[in-house]
2 protein chains.
Amino acid sequence: MEYKISNKLAALKPSAIREIFKSLADPTIISFAAGNPSPLSFPAKDLAEISADIFENSAAAALQYGTTEGYTPLRQAVSARMKEKFAIGTDNDETIITTGGQQGIELACKALCNEGDAVICENPSFIGALNAFRSNGAATIGVPLCDDGIDVAILEDTLKNTPNAKILYLIPTFHNPAGITSTLENRKQVYELAKKYGVIILEDNPYGELRFAGENVPTYKSFDTEGIVIYCSSFSKILSAGMRIGYVCGPKEIISKMVVAKQVEDVHTNLFFQMLCYRYMTERDLDAHIAGIRKLYGDKCGLMLSELDKNMPKCIKYTRPEGGLFLWCTLPDGKSSAEFVEKAIERKVAVVPGTAFNCDTEAPSDSFRLNYSMPSDEDIVRGIKILSDLAREMFC
Amino acid sequence: MEYKISNKLAALKPSAIREIFKSLADPTIISFAAGNPSPLSFPAKDLAEISADIFENSAAAALQYGTTEGYTPLRQAVSARMKEKFAIGTDNDETIITTGGQQGIELACKALCNEGDAVICENPSFIGALNAFRSNGAATIGVPLCDDGIDVAILEDTLKNTPNAKILYLIPTFHNPAGITSTLENRKQVYELAKKYGVIILEDNPYGELRFAGENVPTYKSFDTEGIVIYCSSFSKILSAGMRIGYVCGPKEIISKMVVAKQVEDVHTNLFFQMLCYRYMTERDLDAHIAGIRKLYGDKCGLMLSELDKNMPKCIKYTRPEGGLFLWCTLPDGKSSAEFVEKAIERKVAVVPGTAFNCDTEAPSDSFRLNYSMPSDEDIVRGIKILSDLAREMFC
């Protein structure tokens, strides 16, 4: 039989990153390609202890169906923490638990976009979000990302010329892939534009707590007086990625539709791990644990930057992240990174080509992404040396 | 701000069942309204032991990101078990892990239906599936469910008159809500019609292993020579509902698109519990455990039927399930069940009105669903007496 695939999925390709991930079975390859948190960021011993107690005392509840919105104590704890630490959430907002931050992004698009609508994104942007928008039949329109955040002038032009834009998708803090944190001034200007043109800001903040340098910048959601921001985050980078627990805080009216959509996607998120997550948050010291991750990533990023500073020819530019998992390298004179990435893999170093993050899937890219959360210190030193030598041979 | 919700979600209501579920906080109410498995069906002690071992020996892997298709050893074990026990799966098929059986249903629709396409369903049908189809902008077209399965003559008429039908959604074994198992003869006729009219059969079989009476009937997937059946099932009714682990076996070409769609919905299913599930399947006696659940539900269903036989006036008809969790009662002369359900709740017995399962959300229903997996024996006796008395007062 000839199968007819729906229009919205027919053209959609698996994420290039996850495909690269699969090809990394070769243990001799130094990988800067992952998006994974370090296993050192998982508090396994604490989780094991609480898990044993849940099995002992609450198994019947933890293994049974739960409510779609999420385990109530966890929702309340997440909501209270966001409010106290980040001034996020008003009486007009609701917080729900999602199956990873990814589901929050996808549900927001499903709730707001018809097929043929548009989502405006920073270019480059997170591939998982771009594909989530495409899977709902929405077009992804890229606006260049500058050092201080999304290009405000081009954004206004784009908003003017895209009447069917429903969402402005942003990763303002420790951007994936670019490692950039937008300034408060940039955020305020962007917020005014979103308000003026009637689009919802979808603020994706999975790395927000991983700052290891510089000063905190308020999230969009923290100054959302108009109720136009949906805020997505997750526990993937601070407790466990594999458990798939994220959360969304946004206007009640939109969240209630996202709940209906979630109900038919997976009924609810793994309840046992929701309980585990809640117990960890309230019985252990989450902030101290996160401080440890910050230190770890600060050290790793510092090492990668100092090796780049020492070895990489000056014609290659790279961002200097203040947090998160990634930095972003750009080749000289708009040269395509495709050949560089290919040659790097031949020399046993994997990086992700910038094309994977393009809003326009056909466009070339002069950039590539480096991850520093997963590789060992030795691999960072060795891998950056190899990339630097290659860059010198090819470009400078 | 006035929010504009997408067309596909704007009209979608939360599942009436889950809303009823929320209102069941009153502990004096006898509930036959749940769709939950009995907590006695969760092998908590075994799961606790394996869980402790995973934390001890494989925590870094279990808490990290995994592949979208699912944990490979679990996929292989599920695939082998389906093949050995139920003759399901060919070289043309692929098996993936989903976040509950619900996600498999939703992904199948997303992969095959454009907005405006149609899914043909038994009427009544599973509300979670109906809403999954609607959330993808597909229309749900009901065909009456008879004692031997979906009405074949009306199905052919419907297929003839619905050129944009892409999926035929069926729960052939221990149907939810109706408790009916379709005959092999019915299945063969339906399969030929699906083949003739070029629609994919989406076979939903979450209860298939819970037979406590009668003879096994082959699944559609087991005789799918044409590659036109997508088979969904889950561990929710045999290990844990809250862990949200299901699986899908279907033609590779369709499954590969479902994987892309899953990637943007939740990246992958909770990996720790996938490992737990795999270890339970291979290190403990799953078949013996399932035999225990069959006995439990057989006893409970038997009790409910004998109490109905003793007490319920003859003008009320009900199905006699050979497995699964539900039986289905029908009032005389096409009377609407709405008032009966309301009066029953006043007398502290909760059942689900048939309207919740209608393909046409505006249509009335003369039926209601009873669940026997959750209530205690005492509650079954007391609750059926109350319903019987009420039926006698109202109808006979």
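Described in the following lines is the structure provided in the data block.

Cut-offs and rules
Along each chain, the written sequence defines residue order, and numbers are assigned to residues from 1. Following the order in which they are written, the chains are lettered starting with A and the ligands numbered starting with 1. Per-residue local features are limited, in this predicted model, to residues with pLDDT of at least 70; the limit for side-chain atom pairs, both in listing and counting, is 80 or more; totals at the level of whole chains, interfaces and linings are taken over all residues. Remark: hydrogens and water are excluded; side-chain values derive from all non-hydrogen atoms of the structure. Under the DSSP-based scheme used, a helix requires at least four consecutive residues in state H or I and a strand at least two consecutive residues in state E, with every element numbered from the N terminus. The quantity called the radius of gyration is restricted to C-alpha atoms. Its globule counterpart is 2.2 Å times the number of residues to the power 0.38. Burial classification: accessible surface area is computed with a 1.4 Å probe over protein chains only, and a residue below 20% of its type maximum counts as buried, one above 50% as exposed, and the rest as partly exposed. Should any heavy atoms of two residues lie within 4.5 Å, those residues are counted as being in contact. Residue exposure ignores everything except the shown protein chains as possible cover, and the areas themselves are Shrake-Rupley values with a 1.4 Å probe. Here a polar contact is recorded for every N or O atom pair within 3.5 Å, except that within protein the pair must consist of a potential hydrogen donor and a potential acceptor, and residues adjacent in sequence are included only if both atoms are side-chain atoms. Whenever a helix is involved, its axis is fitted only over the stretch in contact; in every case the axis is a line through C-alpha atoms, and angles between N-to-C directions fall within 0 to 180 degrees. An angle counts as roughly parallel when it lies under 35 degrees, as roughly antiparallel when it exceeds 145, as roughly perpendicular when it falls between 65 and 115, and as oblique in every other case. Classes in brief: Ala, Val, Leu, Ile, Met, Phe, Trp, Tyr, Cys and Pro nonpolar; Asp, Glu, Lys and Arg charged; the others, Gly included, polar. A least-squares superposition brings the copies together, and it is based on the C-alpha atoms of residues with pLDDT no lower than 70 in both. In this description, strands pair whenever DSSP reports at least two bridges between them. Pairing of aromatic rings covers Phe, Tyr and the six-membered ring of Trp, with a centre-to-centre limit of 6.5 Å; geometry is then stacked below 30 degrees between planes, edge-to-face above 60, and tilted otherwise. Two parts placed together each lose some accessible area; with a 1.4 Å probe, that loss summed over both constitutes the buried area. Salt bridges are defined as contacts in which a side-chain nitrogen from Lys or Arg sits within 4 Å of a carboxyl oxygen from Asp or Glu.

## Some details on the overall build of chain A
- When you go through chain A residue by residue, the secondary structure sums to 13 helices and 14 strands.
- Against the globule reference of 21 Å for 396 residues, chain A gives a C-alpha radius of gyration of 21 Å, in line with a compact fold.
- Taking the principal axes of the C-alpha coordinates as reference, chain A spans close to 60 × 55 × 50 Å.
- Taken over 396 residues, chain A has a buried fraction of 63%.
- Considering only residue pairs separated by 6 or more positions, chain A has 77% of its internal contacts joining residues 24 or more positions apart.
- When the accessible surface of chain A is totalled, it reaches about 13,900 Å², and 52% of it is carbon and sulfur.

## Overview of the side chain of A:His289
Residue and element names in this part refer to chain A.
- Examined against the element boundaries, His-289 turns out to sit in helix 11 (residues 286–311).
- Only 2.9 Å separates the side chain of His-289 from the backbone oxygen of Ile-238, close enough to count as a polar contact.
- Not counting residues within four places of it along the chain, the set of residues in contact with His-289 comprises Ser-41, Phe-42, Pro-43, Ile-238, Leu-239 and Tyr-280.

## Considering the packing of helix 5 (residues 100–112) of chain A against helix 9 (residues 252–266) of chain B
- Two elements in contact, helix 5 of chain A and helix 9 of chain B, have axes separated by 5 Å at closest approach and are oriented at 105°. Relative to helix 9 of chain B, the element helix 5 of chain A is oriented roughly perpendicular. Contacts between helix 5 of chain A and helix 9 of chain B pair A:Gln102, A:Gln103, A:Glu106 and A:Lys110 from the former with B:Gln263, B:Val264, B:Glu265 and B:Asp266 from the latter.
- Residues belonging to the contact of helix 5 of chain A with helix 9 of chain B are distributed by class as follows: 1 nonpolar, 3 polar and 4 charged.

## Observations regarding the relation of the copies chain B and chain A
- Here chain B sits on chain A after a turn of 180° about the axis and a move of 0.0 Å along it, with an RMSD of 0.0 Å. The superposition of one copy onto the other is thereby described by a two-fold rotation axis.
- A high fraction, 99%, of the interface residues of chain B reappear at the interface in chain A, so the copies pair face to face through one surface.

## Considering the pairing of strand 14 (residues 367–371) of chain B
Residue and element names in this part refer to chain B.
- In terms of burial, strand 14 is largely enclosed, as 5 of its 5 residues are buried.
- By the alternation rule, side chains of strand 14 split into Ser-367, Arg-369 and Asn-371 and Phe-368 and Leu-370, which are all buried.
- Of the strand pairs in this sheet, strand 11 (residues 326–330) and strand 14 are connected by 5 bridges, and their pairing is antiparallel. Its bridge partner lying in strand 14, Leu-327 is registered against Leu-370.
- When strand 13 (residues 352–353) meets strand 14, the two strands line up antiparallel, connected through 2 bridges. Residue pairing across strands places Pro-353 opposite Phe-368, the latter belonging to strand 14.

## Here we look at the packing of aromatic side chains
Residues and elements named next belong to chain A.
- Taken as a whole, this structure holds 27 aromatic pairs over all chains when the rule is applied.
- Ring plane angle 70° and centroid distance 6.3 Å describe the contact between Phe-212 and Tyr-372, whose orientation is recorded as edge-to-face. Of this pair, Phe-212 sits in the loop between strand 7 (200–204) and strand 8 (229–234) while Tyr-372 sits in the loop between strand 14 (367–371) and helix 13 (377–395), and the two are 160 residues apart along the sequence.
- Considering the side-chain rings of Phe-272 and Phe-273, the 6.2 Å spacing of their centres and the 55° angle between planes classify their relative orientation as tilted.

## A word on the interface of chain B and chain A
- At the interface, 83 residues of chain B touch 82 residues of chain A.
- Summing both partners gives a buried area of about 6,900 Å² for chain B against chain A, and 58% of it is carried by carbon and sulfur.
- Our count for the contact surface shared by chain B and chain A stands at 2 salt bridges.
- Between A:Glu106 and B:Lys110 there is a salt bridge whose closest N-O contact spans 3.2 Å.
- Our count for the chain B to chain A interface comes out at 39 residue pairs in polar contact (both at pLDDT 80 or more).
- For the side of chain B that touches chain A, the secondary-structure elements that each account for two or more residues are helix 1 (7–10), helix 2 (16–22), helix 3 (44–62), helix 5 (100–112), helix 6 (127–135), helix 9 and helix 10 (271–283) of chain B.
- Along the lines of polarity and charge, the residues of the side of chain B that touches chain A split into 39 nonpolar, 28 polar and 16 charged.

Take it as geometry only, folks, not as evidence of what the structure does.
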